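# Inside the fold
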Amino acid sequence: MPGIYLHIPFCKQACHYCDFHFSTSMDLKSRLVDALVAEMDLRAAYLEPGATIETVYFGGGTPSLLSAAELDQLLTAINNRFSVATDAEITLEANPDDLTPAKVRELSASPVNRLSIGLQSFHEPHLRLMNRAHSAEESGTAVRRAQDAGFESISVDLIYGVPAPDHSIWEADMAAAFALQVPHLSCYALTIEPDTVFGRQLRKGKFLPPPDEFVARQFEMLLAEMARHGYEQYEISNFCRPGRESRHNSAYWAGVPYLGLGPSAHSFNGHSRHATLANNPRYVAAVLDEGTVPATVEVLSPVDKANEYLMTSLRTARGCDLNYLRDQLDTDLPATRAAYLAQLQTTGLATLEAGCLRLTDAGKLLADHITLELFQAA
């Protein structure tokens, strides 16, 4: 069943690794919330008529910068315009420094029932290196405060592959996260994107990322520790206690339609992708003053659909169903890529059982490369 994503493009400060769309100016925040509501009306027909919304996700940016009134305005607008399941998963991304006692009380009194907290690290020098707004002490305090307020569904983010002399900081970060007993963790390798502070520092020789072998070793450590603590890896970067997956993100990887609202948000209806302009002033002006949503639309060809399924399914524990790929997407990998499929198995990078191709732990390190090798030419 479909979901709704709302992009809240505001942050207190710019993290040095982040290339998501955001602004550190709050001048347009109230108008942008109004524009999000107006966009719901403009795009009400995007999803199938009568579809029940199973998940709502506030991403960003920093959605925890929304006031209680702004959050209520958006959730009320959704409920007034869509059929929302009574047990819908409603997630809000939050930074630890925003989760004050008053803020947590506001959120616990709202329909939000899942928090995704961007800790990134418990090591103060790494937080300063990444230009995070919170302290190492606030990392743990924010999670415990949310737990004390009754939030049972909490996810925390960690970043590995940060420059360090050895792996001891990463080991300590994992241990601190496990000690919090949260049901879900998302762990990402530090990626240096060109249009970020780290990217610019890299070009000037002022930032030196660790070697690939260092990052790969930390990923291997992550897999071992997650298994030891009873977490399942249901997607390459996502781990949970049994049955505690993110329903919203799982729907993305399963190709379920969703409506994305706000500047830079993407939408998918099974046939095309809709990408809204990543510009706050132009988005607000277009939606509120002109009654249009500035966006580009890409109609997916059969090859596009096959490649998207390959890309998303191979990242998940369920793997790629080759029979579905053949019967529904007209792509017969065993017929066209038999040699490469055999190579993946003999080198221990993938398994092929009952028509399902799954990456091994070694293969997950090379997931992007393997996926590109399997992509179909247009």
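Here, every reference points to the structure presented above.
Below, the structure is looked at part by part. Quick caveat, the model's predicted, so the values are computed rather than measured.

## A look at the environment of Pro2
Looking at where Pro2 falls in the secondary structure, it is placed in the segment before strand E1 (3-8). Pro2 sits 75 residues away from Ala77 along the chain, and the two C-alpha atoms are 17 Å apart. Setting aside residues up to four positions removed in sequence, Pro2 forms contacts with Leu47, Ala51, Thr52, Ile53, Glu54, Thr55, Val256 and Pro257.

## Side note on unusual backbone geometry
Omega for the peptide link from Gly60 to Gly61 comes to 20 degrees, which places this bond in the cis form. Here Gly61 shows up in the loop between strand E2 (52-60) and helix H2 (68-81). A positive phi angle, near 55 degrees, is found at Asp330, a position not held by glycine. For Asp330, a relative accessible area of 71% translates into the label exposed.

## Description of the sheet that holds strand E14 (residues 350-353)
Strands sit in the order E13-E15-E14 across an open sheet of 3 strands; the sheet is antiparallel. Of all the strands in the sheet, just strand E13 (320-321) and E14 have a single pairing partner and so form its edges. Pairing geometry for E14 and strand E15 (residues 356-359), over 4 bridges, is antiparallel. Its bridge partner being in E15, Glu353 is matched across the sheet by Cys356.

## Considerations on the pairing of E15
Of the strand pairs in this sheet, E13 and E15 are connected by 2 bridges, and their pairing is antiparallel. Bridge pairing in E15 places Asp321 opposite Cys356.

## A short note on the packing of helix H1 (residues 29-42) against H2
Closest axis-to-axis distance for the H1/H2 pair is 10 Å, and the angle between their directions is 5 degrees. In terms of orientation, H1 lies roughly parallel with respect to H2. Contacts between H1 and H2 involve Lys29, Ser30, Val33, Asp34, Leu36, Val37, Met40 and Asp41 on the former and, on the latter, Glu70, Gln73, Leu74, Ala77, Ile78 and Arg81. The class makeup of the residues in the contact of H1 with H2 is 7 nonpolar, 2 polar and 5 charged.

## Focus: the pattern of salt bridges
Evaluation of the coordinates by the stated rule reveals 16 salt bridges. Here Asp327 makes a salt bridge to Arg326, at a shortest N to O gap of 2.8 Å. By relative accessible area, Arg326 is classed as partly exposed at 37%. Connected via shared salt-bridge partners are Lys12, Asp97 and Asp98.

## Some remarks on empty space enclosed by the protein
As enumerated under the stated definition, the model contains 1 cavity of 30 Å³ or more in all. Taken together, His126, Ile159, Tyr160, Gly161, Val162, Ala164, Asp166, His167, Ile169, Trp170, Asp173 and Gln218 make up the lining of the largest cavity. Put simply, the parts of the chain that give the lining of the largest cavity at least two residues each are strand E5 (153-160) and helix H6 (168-179). Residue contributions to the lining of the largest cavity peak at 3 residues, all from H6. Here the lining of the largest cavity is composed, by residue class, of 6 nonpolar, 4 polar and 2 charged.

Parameters at a glance
- Residues numbered from 1 in each chain as written.
- Predicted model: local features only at pLDDT ≥ 70, side-chain atom pairs only at ≥ 80, totals over all residues.
- Heavy atoms only, no water.
- Helix = DSSP H or I, 4+ residues; strand = E, 2+ residues; numbered from the N terminus.
- Contact = heavy atoms within 4.5 Å.
- Buried < 20%, exposed > 50% of the residue type's maximum accessible area, 1.4 Å probe, protein only.
- Pairing = 2+ DSSP bridges.
- Axes fitted to C-alpha atoms, helices over the stretch in contact; angles between N-to-C directions.
- Parallel < 35°, antiparallel > 145°, perpendicular 65-115°, else oblique.
- Nonpolar A, V, L, I, M, F, W, Y, C, P; charged D, E, K, R; others polar.
- Salt bridge = Lys/Arg side-chain N within 4 Å of Asp/Glu carboxyl O.
- 1 Å grid on protein atoms, 1.4 Å probe; cavity = no way out; pocket = protein on both sides within 12 Å on 5 of 7 lines; lining within 4 Å.
- Points joined across faces, edges and corners; volume = space filled by probe spheres on them.

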